[in-house]
Amino acid sequence: MHFEVMMKKLVLSVLPLLTCLMVGCKPGENVRPLVLSQSVLDIKVGDIAIIDVEGAVGDVMWTSSDESVATVVSGGVTAKAIGRAVITATSGNAKAECDVFVRGGDGATLRITPVIATLKVGDTIRFSCGNTLGFDIEWSSTNEEVATVDQNGLCTALKGGNAYVVVKTAAEEVSALVAVEHTWGEYQLVWSEEFNGTELDRSIWNVEVNGNGGGNNEKQYYCDRPENLRVKDGNLEIEVRKEAEKYNGTHDYTSGRINTRGKKDFTYGKIEARIKFPGGKGTWPAFWMLGSNMSTVGWPKCGEIDIIEHIGVLDSRASFALHTYQKNGSRGNNWASTHFFDEPLSADYHVYGVEWVEEAEYGRDKMIFYVDGQVWATAQEDEMENPLSWPFNKPEFIILNLAIGGNMGGSIDDNIFSQQRIMYVDWVRVYQREEKK
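Overview of the structure.

About the cut-offs
Residues numbered from 1 in each chain as written. Predicted model: local features only at pLDDT ≥ 70, side-chain atom pairs only at ≥ 80, totals over all residues. Heavy atoms only, no water. Helix = DSSP H or I, 4+ residues; strand = E, 2+ residues; numbered from the N terminus. Rg over C-alpha atoms; globule rule 2.2 N^0.38 Å. Contact = heavy atoms within 4.5 Å. Areas by Shrake-Rupley, 256 points an atom, 1.4 Å probe, with all protein chains shown as cover. Lys, Arg positive; Asp, Glu negative; His and termini not counted. Charge placed at Lys NZ, Arg CZ, Asp CG, Glu CD. Pairing = 2+ DSSP bridges. Axes fitted to C-alpha atoms, helices over the stretch in contact; angles between N-to-C directions. Salt bridge = Lys/Arg side-chain N within 4 Å of Asp/Glu carboxyl O. Buried < 20%, exposed > 50% of the residue type's maximum accessible area, 1.4 Å probe, protein only. Polar contact = N/O pair within 3.5 Å; in protein donor to acceptor, adjacent residues only side chain to side chain. Disulfide = S-S within 2.5 Å.

This next bit is on the overall build of the chain. In terms of helices and strands, the chain carries three helices and 36 strands. For 437 residues, the compact-globule estimate of 2.2 N^0.38 gives 22 Å, and the C-alpha radius of gyration of the chain, at 36 Å, exceeds that figure by more than 25%. For the chain, the spread of C-alpha atoms along the principal axes amounts to about 135 × 45 × 40 Å. Considering only residue pairs separated by 6 or more positions, the chain has 63% of its internal contacts joining residues 24 or more positions apart. Summed over all atoms, the accessible surface of the chain reaches about 22,000 Å², with 49% contributed by carbon and sulfur. Counting 42 positive and 61 negative side-chain charges, the chain places the averaged centre of each group 2 Å from the other.

Within the open sheet, the three strands sit side by side as β12-β16-β15. Their pairing is antiparallel. Both edges of this open sheet fall to β12 (124-126) and β15 (147-149), since each of them pairs with a single strand only. Across the sheet, the mean angle separating the axes of adjacent strands is 20° when strand polarity is ignored. As paired elements, β12 and strand β16 (residues 154-157) share three bridges and run antiparallel to each other. Paired with T124 across the two strands is T156, which belongs to β16.

All right, on to the pattern of salt bridges then. Within this structure, the stated rule accounts for 14 salt bridges. D252 is paired through a salt bridge with K246; the nearest N and O atoms lie 3.0 Å apart. Note on K246: relative accessible area 46%, which makes it partly exposed. Among the ionic pairs, E361 bridges to K366, the shortest N-O distance being 2.7 Å. Among the residues examined, E361 registers a relative accessible area of 33% and is labelled partly exposed. The exposure class assigned to K366 is buried, which follows from its relative accessible area of 16%. Put simply, R225, R230, E237, E239, R241 and E243 are held in one network by salt bridges that share partners.

Looking now at the side chain of T254. Following the sequence through the fold, T254 ends up in strand β24 (residues 251-255). At a separation of 2.9 Å, a polar atom in the side chain of T254 contacts the side chain of N228. At 2.6 Å, the side chain of T254 and the side chain of E243 are in polar contact. For T254, the contacting residues outside a window of four places in its chain are Q220, Y221, C223, R225, N228, E239, V240, R241, E243 and Y247.

Before going further, it helps to spend a moment on the pairing of strand β36 (residues 421-432). For a regular strand, the rule is simple: side chains alternate between the two faces of the sheet. In terms of burial, β36 is largely enclosed, as nine of its 12 residues are buried. Bridge count for strand β27 (residues 269-276) against β36 is seven bridges, and the pairing is antiparallel. Residue pairing across strands places I271 opposite V430, the latter belonging to β36.

What follows is about the environment of A94. Along the polypeptide, A94 turns up in strand β9 (residues 94-103). Residue classification places A94 among the buried residues on the basis of a relative accessible area of 10%. Along the chain, A94 and G55 lie 39 residues apart, while their C-alpha atoms are 9.0 Å from each other.

What follows is about unusual backbone geometry. One can expect most non-glycine residues to show negative phi and most peptide bonds to be in trans. In the segment running from T113 into P114, the intervening peptide bond is cis, with an omega of -5°. Tracing the backbone shows P114 in the loop between β10 (110-113) and β11 (116-119). Cis geometry is found at the peptide bond from W299 to P300, where omega equals 10°. On the secondary structure map, P300 appears in the loop between α2 (294-297) and β29 (304-310). Although it is not a glycine, E359 adopts a positive phi angle of roughly 45°. Along the polypeptide, E359 turns up in strand β32 (residues 350-361). Of note, Y362 is a non-glycine position whose phi angle comes to about 50°, a positive value. Along the chain, Y362 falls in the loop between β32 and β33 (364-371).

With the rule as written, the count across this model stands at zero disulfides. C155 supplies the cysteine sulfur nearest to C129, a cysteine that is in no disulfide, at a spacing of 15 Å. The exposure class of C129 is partly exposed, given its relative accessible area of 25%.

Read from one edge to the other, the open sheet built from four strands follows the order β11-β18-β17-β14, with strand pairing classed as mixed. Each edge of the open sheet is held by one strand with a lone partner, namely β11 and β14 (138-141). Averaged over all adjacent pairs, the angle separating strand axes in this sheet is 20°, with direction ignored.

Rendered as structure tokens:
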């Protein structure tokens, strides 16, 4: 019996060596299969999973077939992005694999990279796709006049504008914005009102008559009469007055407000006016625009562009603002910017304007506010396209008015009316440009 036991031990000790010789391996190399604790992982971006290994002899080397999707260190797998990767463990001549399926935090199984691309006409870019489920992919462009894409994700820019490259599988679809830079010509004057006559041109301007306070608790009654609104000496004059008796039996103050609604509206361009403000505590003149679709969608969905607002008690300050459905004065969260000048703005005429630029940066519209040609504020369309947060891709009409009191005008000092309080408008001009072909 003792001899038999010794022989069994000898056979067991020699067998691995004989096996290595038979298969061509070296003594000490692993010939047993590796076994991973998991052969499939279904995880979400940002998750970490641990894979254990059995049967290894010596060190284990870990690799990922796509480190943009998942990385691995000592069996610890970190999900980086939506897609599929194979994690491989190797020890000696033995190896084992684990399929890793990475989904988004919301369960998405498809991604496109990059999500925004800015190109010039003639440029190309190859988009990549992360496809967790491995379904067949279909590529397409939402605007093939602007950019095309082939079935390998190669996109070619053809014309200035925006297009979306769409990746679609049987499960879902995702898209990336392709913003192709415009090549603009020079600005050209397309419309102007010089106020050179003796009467307001009613074919262009509507005169508002109301005492509703403009929705801002203003104190004036807007009138259609020469005491408040007239064309004289090459200017539009809007005068705010303190009445000896209440006007219409309701208001102590009267003024004027005109607009081009239904007669002149514009989308994009430079819109500017040369204005001299009245100054005085309580005055609130403005040069601004409202969306022409206001009658159907209402304010603030129509969008409001305040090219310039002046507060008489803060005579050296210029205020610029935008109002949208999601961000507006009623909510107290509208975009606004101010600049204080060294001299009172009421001391002289100044040119106030906005350059309203289509798809200026990363395919997003931009507003550039300026005084006498000097830029003082800019605002840009939200990164994610949303008509409620940026309605400024449709026509807007022009408004000129002189309010008194109200939410911005503040308290009124009646002593200011020892002199006339007149908003002088020398001209209003609109410039636009065409894209070069």
